[in-house]
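Chain residues, written in single-letter form:
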Amino acid sequence: MPHRFFPRPWTLVLLLPLACKDPETAAAQKQAVQVQNSLSEGRDALTKGQYVRAISALQKAANAAPESVEPLLLLAKAHQGAGNPGASILTLKQAEGLLPGTDPVIQKQLADLYLGEGQTAQAISTLVALRNEGKLPNEDILALARLQARQGQADEAFTTLERILRDNPDDAATKTVEAEILLMKGQELLAANLMDRVLQGTPSFTPARLLRARYFLMSGVHDMAEADLQAVPAEDADTTDVVAMKARVLMALERPAEAEGALRKLLEEDAENAEATAWLAEIICAQGRPSEAQPLVDRALHLRPRFPRALYVRGRVLEEQGDARAAEDSYRFALKTEPAFAPALSRMWRLHLKAGRKPEAQEVLERLMGLGEATVEEKAALANLYAQFETQLPRGKKLIEEALKREPQNPEYLRIQKALDKATPKKKKAPSGPIIIRGRR
């Protein structure tokens with residue numbers, strides 16, 4: 001006997017009001033129920049990471065309720081999760097068109113998407129507009145100032161930061177960003193003093209510890225960088241930022257096994273961590289094991305398809321395998337997503353130099369200098385190019401003097417210093433002896 005469906009009592013209770021209403025009202029109520037069901041399904045799919053299902057359900061909700069913003073906001077998240085930021089941007093703009101004025105939540109989401117797409121100028125413009133309207137919270141103001149500084153807009157970054165400094169000049173987070181901007185401007189002494197003051201007042205402030213550790217690492221003082229990381233509070237010691245910086249320092253100290261172990265431990269606790277996966281791939285590749293690093297790179301790019309660090313590490317693997325052209329393409333993809341991504345820039349100038357493209361190498365090195373990301377080695381390489389081109393010689397001398405303070409007996413640095421001296425025009429000596437002034441007859 002075939003199974004027959006008998007409506008449950010509570011179903012009849014819900015259907016009775018619909019039957020008693022006129023057809024137009026019943027249709028409207030039915031549509032509202034359908035929208036809510038689609039929204040519920042979309043939220044559930046988003047939570048589970050099932051983005052294709054989420055897009056299908058939320059598109060139905062958006063079509064059924066064209067004047068509602070909520071389905072569009074959720075749909076934008078689904079498109080982003082599915083790796084389609086372009087569709088996410090268009091959906092957010094559609095949602096914004098339904099609202100009067102400028103919605104800060106939507107604008108902030110748009111800025112994040114622009115950054116993910118490598119449209120940094122558009123992201124900064126969006127955030128600056130929110131800042132000027134007073135719709136940007138302090139945390140986002142600090143992020144904007146840092147972003148502006150990393151694009152070489154140090155003066156604009158200070159303008160953004162002043163809005164917080166006026167109200168709370170001793171805030172540790174604000175002072176740390178100020179120090180970061182000073183580093184990017186090349187004012188290392190002022191930045192170092194400011195970081196010291198912040199950590200004297202708040203020794204447990206992890207962002208300042210990380211910034212000073214990075215400063216020590218870039219300056220070649222690796223043991224001091226490690227000491228700062230060891231002073232990070234226990235509750236922050238296992239975060240991705242801290243572990244990644246620890247791995248960088250351990251590699252500089254030539255302790256790769258410890259660096260690899262720290263990252264593997266982090267991944268044991270969070271297997272979906274794309275950043276830690278990419279860092280581990282980089283550490284393994286740096287130890288001469290590119291074939292072992294490749295699956296990790298693929299995994300990181302699966303988790304975050306446009307992730308700059310994963311694209312950069314893919315380039316490192318390709319370099320190790322002898323494919324310089326493909327490696328350069330991978331670095332360019334990373335820089336398209338994040339134009340100020342220093343590791344990719346650090347590889348690009350080397351590839352330019354190796355291919356005989358010296359002007360391009362100089363341009364990239366100057367970009368690293370402007371970002372405050374140039375190592376001592378890179379400052380010396382830039383000074384060497386200045387000597388070869390016989391340009392910006394005073395700046396080149398300053399750079400090589402800084403490098404020689406770190407390594408006074410480095411033969412390459414001494415050679416560059418001599419080349420700069422040789423390229424510098426000699427001042428004409430003033431004439432000696434009596435000066436004879438001839439008069440007219």
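Residues numbered from 1 in each chain as written. Predicted model: local features only at pLDDT ≥ 70, side-chain atom pairs only at ≥ 80, totals over all residues. Heavy atoms only, no water.

**Q** Got a minute to help me understand the overall build of the chain in this structure?
**A** Check the secondary structure of the chain and you find 24 helices and zero strands. For the chain, the proportion of its 441 residues judged to be buried stands at 44%. For the chain, long-range pairs separated by at least 24 residues make up 48% of all intrachain contacts whose partners lie at least 6 apart in sequence. Per element, the accessible surface of the chain, about 24600 Å² overall, is 53% carbon and sulfur. (Helix = DSSP H or I, 4+ residues; strand = E, 2+ residues; numbered from the N terminus. Buried < 20%, exposed > 50% of the residue type's maximum accessible area, 1.4 Å probe, protein only. Contact = heavy atoms within 4.5 Å. Areas by Shrake-Rupley, 256 points an atom, 1.4 Å probe, with all protein chains shown as cover.)

**Q** What's the story with the UniProt feature "repeat: TPR" (unreviewed entry) in the chain in this structure? I'm lost.
**A** As annotated in UniProt, the feature "repeat: TPR" (unreviewed entry) corresponds to residues 308-341 in the numbering used here. As annotated, residues 308-341 has a helix share of 79% and a strand share of 0%, and its two end C-alpha atoms lie 7 Å apart. (UniProt positions renumbered as here; feature names shortened; annotations may be inferred.)

**Q** Where do I start with the pattern of salt bridges in this structure?
**A** Side-chain pairs of opposite charge can arise where the charged atoms are in close proximity. If you walk through the whole model with that rule in mind, you get 32 salt bridges. Residues E258 and R255 are paired through a salt bridge, measuring 2.9 Å at the closest nitrogen-oxygen approach. Overall, R255 belongs to the partly exposed group, its relative accessible area being 28%. For E282, the salt bridge goes to R309, with nearest N and O atoms at 2.9 Å. Of this pair, E282 sits in helix 16 (residues 274-286) while R309 sits in helix 18 (residues 308-320); the two residues are 27 residues apart in sequence, bridging distant segments of the chain. Exposure class is identical for E282 and R309. Each is buried. One connected set of salt bridges, linked through shared partners, spans R146, E180, R214 and E373. (Salt bridge = Lys/Arg side-chain N within 4 Å of Asp/Glu carboxyl O.)

**Q** In this structure, what is going on with a negative patch on the surface? I would like to understand it.
**A** A cluster of acidic side chains, namely D238, E268, E269 and D270, defines a negative patch on the protein surface. With respect to the secondary-structure elements, D270 resides in the loop between helix 15 (256-269) and helix 16. On the basis of relative accessible area, D270 is assigned to the partly exposed category, the value being 34%. (Patch = residues over 30% accessible without salt bridge, like charges linked within 9 Å, V, L, I, M, F, W, Y side chains within 5 Å. Lys, Arg positive; Asp, Glu negative; His and termini not counted. Charge placed at Lys NZ, Arg CZ, Asp CG, Glu CD.)

**Q** What exactly am I supposed to notice about helix 5 (residues 85-96) here?
**A** Because an α-helix packs 3.6 residues into every turn, residues spaced three or four apart end up facing the same way. With 12 residues, helix 5 ought to run about 16 Å at 1.5 Å a step, and its terminal C-alpha atoms sit 16 Å apart, in line with that. Turning to helix 5, its buried residues number three or more, namely P85, A87, S88, I89, T91, L92, A95 and E96. (Expected span 1.5 Å × (residues − 1).)

**Q** Which parts of the structure should I look at to understand the confidence of the model for the chain?
**A** Detailed conclusions should not be drawn from predicted coordinates in areas where pLDDT is low. On average, the chain scores 86 in pLDDT, and the residues at 70 or more come to 89%. The model gives residues 1-16 a pLDDT under 50, and that stretch makes one contact with residues more than four places away or in other chains. (pLDDT = per-residue confidence, 0-100.)

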